[in-house]
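Here are the chains, one letter per residue:
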Amino acid sequence: MSPGKYNFTFSFFYAAIITLLFSCQKQKNTYYESIAKNDIKLSSSPKPGSWRYNHDEHFQIFEDFQKLKKIKPKPGKNTIYLQPIGKFDELQKKEIALTKEYLKIYFQLETKILPALPNTIFPKKVKRISKEGQEQILAGYVLDSILIKRKPKDAVVLMGITEKDLFPKPEWNYVFGLASYEDGVGVTSMYRFANGHLTDSNFNESLLRLVKISSHEIGHMFGISHCLNANCVMNGTNSLPETDDHPARACSLCQRKLNSSIHYDHKKRLLELKNFFEKQHLNTELTLVNQDLNLVQ
């Protein structure tokens, strides 16, 4: 073999390797780049009363997220637990079971429901009667005095679900959910999602609100800040109408953050989400997941 041919052969070989490595790198970014086309931009002028109107928050870029010290699933500590607290009827139990199913799909982690705790676990000092007349529970007490003490050893996060309304501090009327990011515990209330009374007619509306708030709070526990990138499940919310305006879908940036901590298969997750939304007749969410699927088929 002549030196000229030898050099040409190896030059071609190295060029092929570089091309292959470049192609592989591009493939890693293809999913997020593709589904970013489906992100819905946020209005540059938030409405008065909305979360963004009332809160001046920092945009969490991916590099800032990566630098955070945050909770991540690891062997032996990779299960999401739900802790119901209260007296639940059969319809409410069904909603909790479906929420467990959804969170298992959304986070691609094993998810389990613990036996329900009674409302008697709340001492009088953490209860109050709201201006609307219903009993409320101090959300911080649920985190600090109930959930942290009961967090299973194999839990990456523990999410409480109450049938009682919640408030975060005396000057606030109520809160949908609250989480302690360092401790990996959070709580949300079902009460307002069904206007205090869950029925067959408002079941899907309540379920969608519960899965949004639950996945939002657990997303915080994994280090994801309120989203300022697009209309996203990680957007902050001040009211039920605002919650309803946000999709259950995480935007491309928030999905990238989540997947950097939980290494799941994107297509498998999307197909399972599609199946869930089809079964529950959640048609708007089904349309959104199909749009993402169409870009990764």
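Preceding block: the structure.
Fair warning: this is a prediction, and the values are worked out from it, not measured in the lab. Counting restarts for each chain: residues are numbered from 1 in the order of the written sequence. Owing to the predicted nature of the model, reporting of local features is limited to residues with pLDDT of at least 70; listing and counting of side-chain atom pairs is limited to 80 or more, with chain, interface and lining totals taken over all residues. Water and hydrogen atoms play no part in the side-chain values, which are based on all heavy atoms of the structure.

Engineer: I'd like a rundown of the pairing of strand β7 (residues 177-180), residues and numbers included.
Structural biologist: A pair of strands is labelled paired if DSSP reports no fewer than 2 bridges between them. Where helices and strands are cited, they refer to DSSP runs of H or I of at least four residues and of E of at least two residues respectively, numbered from the N terminus. Bridge count for β7 against strand β8 (residues 185-189) is 4 bridges, and the pairing is antiparallel. Bridging across to β8, A179 finds its partner in G186. Counting the residues between successive antiparallel strands, the hairpin from β7 to β8 contains 4 residues, one of them, G184, with a positive phi of roughly 70°.

Engineer: Which residues make up the environment of L166, and what values go with them?
Structural biologist: If you trace the backbone, L166 turns up in strand β6 (residues 165-167). The class for L166 is buried, based on a relative accessible area of 0%. Between the alpha carbons of L166 and V142 there is a distance of 9.5 Å; along the sequence they are 24 residues apart. Throughout, a contact is declared for two residues whenever any of their heavy atoms are within 4.5 Å. Ignoring any residue separated from it by four or fewer positions in sequence, one finds L166 in contact with Q136, I137, A139, V142, N173, Y174, V175, F176, V187, T188 and S189. Note on classification: 1.4 Å probe, protein chains only; a residue is buried when its accessible area is under 20% of the maximum for its type, exposed when over 50%, partly exposed between these limits.

Engineer: If you had to explain the nonpolar core to someone new, which residues and values would you point to?
Structural biologist: Counting 60 residues, the largest nonpolar core has Y102, F107, I218 and F222 as the members making the most contacts within it. If sequence neighbours within four positions are ignored, F107 has contacts with I80, S215, I218, G219, F222, L258, I262 and Y264. Y81, L147, L166 and V175 belong to the second largest nonpolar core, which has 20 residues in total. Definition of nonpolar core: a set of buried residues of the types Ala, Val, Leu, Ile, Met, Phe, Trp, Tyr and Cys, connected through side-chain atoms within 4.5 Å.

Engineer: So what's going on with the pattern of salt bridges? Which residues, and what values?
Structural biologist: In what follows, salt bridge is the name for a side-chain nitrogen of Lys or Arg lying within 4 Å of a carboxyl oxygen of Asp or Glu. For the structure on display, the rule yields 10 salt bridges. A salt bridge links K104 to E110; the nearest nitrogen and oxygen atoms lie 3.7 Å apart. Here the residues in one salt-bridge network are D39, R249 and D292, joined through shared partners.

Engineer: Let's hear about the sheet that holds strand β3 (residues 127-129): which residues, and what values?
Structural biologist: If you trace the 3 strands from one edge of the open sheet to the other, you get β3-β4-β6, paired in mixed fashion. Looking at which strands have only one partner, the edges of the open sheet turn out to be β3 and β6. With direction set aside, neighbouring strand axes in the sheet form an average angle of 40°. In this structure, β3 lies alongside strand β4 (residues 135-138), joined through 3 bridges in antiparallel fashion. Opposite I129, over in β4, you have E135 as the bridge partner. For helices, the fitted axis covers only the stretch in contact; all axes are lines through C-alpha atoms, and the angles between them, taken along N-to-C directions, range from 0 to 180 degrees. Here helix α5 (residues 139-150) sits on the sheet in contact with β4 and β6, set at roughly 50° to β4.

Engineer: Could you give me a rundown of helix α6 (residues 203-221), with the residues and numbers involved?
Structural biologist: Given the number of residues in a helix, its expected span is that number minus one, multiplied by 1.5 Å. Over its 19 residues, α6 extends 27 Å from the first C-alpha to the last, a length consistent with the 27 Å expected when each residue adds 1.5 Å. Counting buried positions along α6 gives 17 out of 19 residues, so the element sits mostly inside the fold. Two residues or fewer after α6 comes G223, characterised by a positive phi angle close to 100°.

Engineer: Lay out the sheet that holds strand β5 (residues 155-162) in plain terms, naming residues and giving numbers.
Structural biologist: Reading across the sheet, the 5 strands line up as β2-β1-β5-β8-β7 and stay open at both edges, with mixed pairing between neighbours. The open sheet has two edge strands, β2 (110-113) and β7, and neither has a second partner. The average undirected angle you get between the axes of adjacent strands in this sheet is 15°. Across the sheet, helix α4 (residues 90-107) is in contact with β1 (79-85), β2 and β5; its angle to β2 comes to roughly 165°. The sheet strands contacting α6 are β1, β5, β7 and β8, and the helix crosses β5 at an angle near 145°.

Engineer: So what's going on with the pairing of β8? Residues and values would help.
Structural biologist: Extensive coverage of β8 is indicated by the burial of 5 of its 5 residues. Of the two faces of β8, both are covered, the one formed by V185, V187 and S189 as well as the one formed by G186 and T188. Sheet topology note: the β5/β8 ladder contains 5 bridges and is parallel. Residue T162 lies in a different strand from β8, and its bridge partner there is S189.

Engineer: Give me the packing of aromatic side chains: which residues, what numbers.
Structural biologist: Only Phe, Tyr and Trp rings are paired, with Trp represented by its six-membered ring, and only when their centres lie within 6.5 Å; those with planes under 30 degrees apart are stacked, over 60 edge-to-face, the remainder tilted. Applying the stated rule across the entire model yields 10 aromatic pairs. Seen in terms of ring centroids, F62 and F65 are 6.3 Å apart; in terms of plane orientation they differ by 35°. Their pairing is tilted. Of this pair, F62 and F65 both sit in helix α3 (residues 62-67), 3 residues apart, which is roughly one turn of that helix. A relative accessible area of 11% means that F62 is categorised as buried. Taken together, the ring pairs connect Y102, Y106, F107, F222, F276 and F277 into an aromatic cluster. Counted as over-ring charges are cases with an Arg CZ or a Lys NZ within 6 Å of the ring centre that also lie within 35 degrees of the ring normal. The aromatic ring of F167 is capped on one face by R128, whose charged end is 3.9 Å from the ring centroid. If you follow R269 out to its NZ or CZ, it ends over the ring of Y106, 4.7 Å from the centre.

Engineer: Please give an account of the side chain of S50 that cites residues and values.
Structural biologist: Looking at where S50 falls in the secondary structure, it is placed in the loop between α1 (3-35) and α2 (51-54). Judged by its relative accessible area of 13%, S50 is buried. If we ignore the near neighbours within four places in the chain, the residues touching S50 are N238 and E242.

Function-wise, these values are silent; they only describe arrangement.
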